[in-house]
Amino acid sequence: MRIDLHCHSTASDGTEPPAEVVRRAADAGLDVLALTDHDTVAGYAEAHAALPEGLTLALGCELSTLSGGIPVHVLGYLFDPDEPVFANERETLRTDRTRRAHAIVDKLQELGAPVDRDRVFELAGGGAVGRPHLARALVEAGVVPDVSGAFTEEWIADGGRAYVEKHALDAVAAVEMIRAAGGVAVFAHPGAAKRGKVVGDDVIEAMAAVGLLALEVDHPDHDEPTRARLRDLAGAHGLLVTGSSDDHGSLTGHRLGANTTDQGVWEAIVSAATGSRPDAR
Ligand code: AMP
Ligand code: FE
Ligand code: FE
Ligand code: ZN
């Protein structure tokens, strides 16, 4: 079985609608796909309605949390989307993304970058707005040559001149909230140093203590030594290991299925979840 447990659609910062994402997943030969948009499950219904024969879909989302000021991304799977505490938190996160996008546009304009506010929200298309939409607007305005040129100190990288923080849960609290909604929590790309600082093993231990199930070891942003180190770390804390593409459509180069999760781990995720079941046609 080919199982990819992390990707994004236009419901957040992916470039393709959910129906197109599941079509590409089938083309990539996947048997299981989890749709994990940032702070939302809004793409799930469309993905489900468009599910190709033979593809199983899992509900999910990705939360950008903090631990001692260091970013920790947490994936939640197969939670109950209607459980009120977590549903309200996702709504708060999305609302704050909108405030923050306006604040970043303000800063960019103060810095002399002619970024078009309406264009940013048009690119977000009503979904959870994020820095990739701002980055694309900066490219269109001719300020930077490409999206990665926007993720620099000069512009919107963490701590950059036009960076603005957004509301974030503590990493341990996020794991607890996902678990309380019947879901399974996985630490996304825990070794992606190019995205900034990486938390210490003590944080992984604290997350494991409240029910973290796995580390996303096989991820395109992890080199081989990093994967080996994380595999050892997972073993030391009794955690499982997942693999996924973190596909964002054309934003990061189409790559569904570039990394995959073992069937036994997928089965452990399904058994541990009580909030929702995977769906197939
Ligand atoms: P936000 O959630 O709004 O803070 O934006 C973070 C998102 O930006 C991540 O989920 C990635 O999709 C994307 N991102 C982060 N760093 C880069 C980069 N260097 N190049 C392209 N996209 C990036
Ligand atoms: Fe993203
Ligand atoms: Fe992430
Ligand atoms: Zn992601």
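Just above sits the structure.
Residues numbered from 1 in each chain as written. Chains lettered and ligands numbered in written order. Predicted model: local features only at pLDDT ≥ 70, side-chain atom pairs only at ≥ 80, totals over all residues. Heavy atoms only, no water.

### Here's the deal with the coordination of the zinc ion (ligand 4)
As a reminder, the rule being used: Sites may look incomplete because water is not among the atoms; the donors themselves are N, O and S atoms within 2.8 Å of the metal, or within 3.2 Å for Na, K and Ca. A site with four donors is called tetrahedral when every donor-metal-donor angle falls between 85 and 135 degrees; four donors are called square planar, and six octahedral, when opposite donors sit more than 155 degrees apart and all other angles fall between 65 and 115; any other arrangement is irregular. What counts as a helix is a DSSP run of H or I of at least four residues, what counts as a strand is a run of E of at least two, and both are numbered from the N terminus. Exposure categories follow from relative accessible area, calculated using a 1.4 Å probe and restricted to protein chains: below 20% of the type maximum is buried, above 50% is exposed, and the middle band is partly exposed.
His6 (NE2), His8 (NE2), Glu62 (OE) and Asp246 (OD) make up the full set of protein donors to the zinc ion (ligand 4), lying at 2.0 to 2.3 Å. In this structure, the zinc ion (ligand 4) is coordinated by four donor atoms arranged in irregular fashion, with angles at the metal of 77 to 169 degrees. Between the zinc ion (ligand 4) and the iron ion (ligand 2), the interatomic distance is 4.5 Å. Here Glu62 lies in strand E3 (residues 56–67) and His6 lies in the loop between strand E1 (3–4) and helix H1 (18–27), a separation of 56 residues in the sequence. Overall, His6 belongs to the buried group, its relative accessible area being 0%.

### Here's the deal with the coordination of the iron ion (ligand 3)
A metal bound by six donors in octahedral fashion has ideal angles of 90 or 180 degrees, whereas one bound by four tetrahedral donors has an ideal angle of 109.5 degrees. Bound to the iron ion (ligand 3) are the protein donor atoms Glu62 (OE), His73 (ND1) and His189 (NE2), situated 2.0 to 2.2 Å from the metal. Sequence spacing of the donors to the iron ion (ligand 3): E-x10-H-x115-H. The metal-metal distance between the iron ion (ligand 3) and the iron ion (ligand 2) is 5.6 Å. Residue His73 is located in strand E4 (residues 70–77), and its partner His189 is located in the loop between strand E5 (184–187) and helix H8 (201–209); the two are separated by 116 residues in the primary sequence. The pair His73 / His189 is uniform in exposure class, with both members buried.

### Let's talk about the packing of aromatic side chains
Put simply, the test is: Only the six-membered ring of Trp is used, alongside the rings of Phe and Tyr, when aromatic pairs are assigned; centres must lie within 6.5 Å, and planes under 30 degrees apart are stacked while those over 60 apart are edge-to-face, with the rest tilted. Any Lys NZ or Arg CZ found within 6 Å of a ring centre and within 35 degrees of that ring's normal is scored as a charge over the ring.
Under the counting rule described, the total for this entry stands at one aromatic pair. Both rings, one in Phe79 and one in Phe86, keep their centres 4.8 Å apart while their planes meet at 70 degrees; by these two values the pair is edge-to-face. Looking at Arg90, its charged tip hangs above the ring of Phe86, at a distance of 4.6 Å from the centre. The cationic tip of Arg161 hangs over the ring face of Trp155; the distance from NZ or CZ to the ring centre is 4.8 Å.

### Considering the site of ligand 1
How we decide: Consider each residue's heavy atoms; a residue with any of them within 4 Å of a molecule or strand counts as near. Contacts described as polar in this section are N or O atom pairs within 3.5 Å, which, within protein, must combine one atom able to donate a hydrogen with one able to accept it, while residues neighboring in sequence count only if both atoms come from side chains. Computed with the Shrake-Rupley method and a 1.4 Å probe, the accessible areas treat only the protein chains shown as cover for residues.
All residues in the neighbourhood of ligand 1 are listed as Asp13, His38, Arg97, Arg100, Gly130, Arg131, Pro132, Val147, Phe151, Lys166 and His248. Arg100 is positioned such that a nitrogen or oxygen atom in its side chain is 2.7 Å from an oxygen atom of ligand 1. With respect to ligand 1, the side chain of Lys166 contributes an N or O atom lying 3.4 Å from an oxygen atom. Out of a free accessible area of 500 Å², ligand 1 has 83% covered by protein chains.

### Some thoughts on the side chain of Glu16
As a reminder of what qualifies: Note on contacts: a residue pair is in contact if any heavy atoms of the two residues lie within 4.5 Å.
In this structure, Glu16 sits in the loop between E1 and H1. For Glu16, the side chain forms a polar contact with the side chain of His254, separated by 2.6 Å. In this structure, Glu16 is in contact with Ser9, Thr10, Val21, Arg24, Gly249, Ser250 and His254, ignoring residues within four places of it in sequence.

So, to be careful, I would describe these as geometric facts and stop short of saying anything about function.
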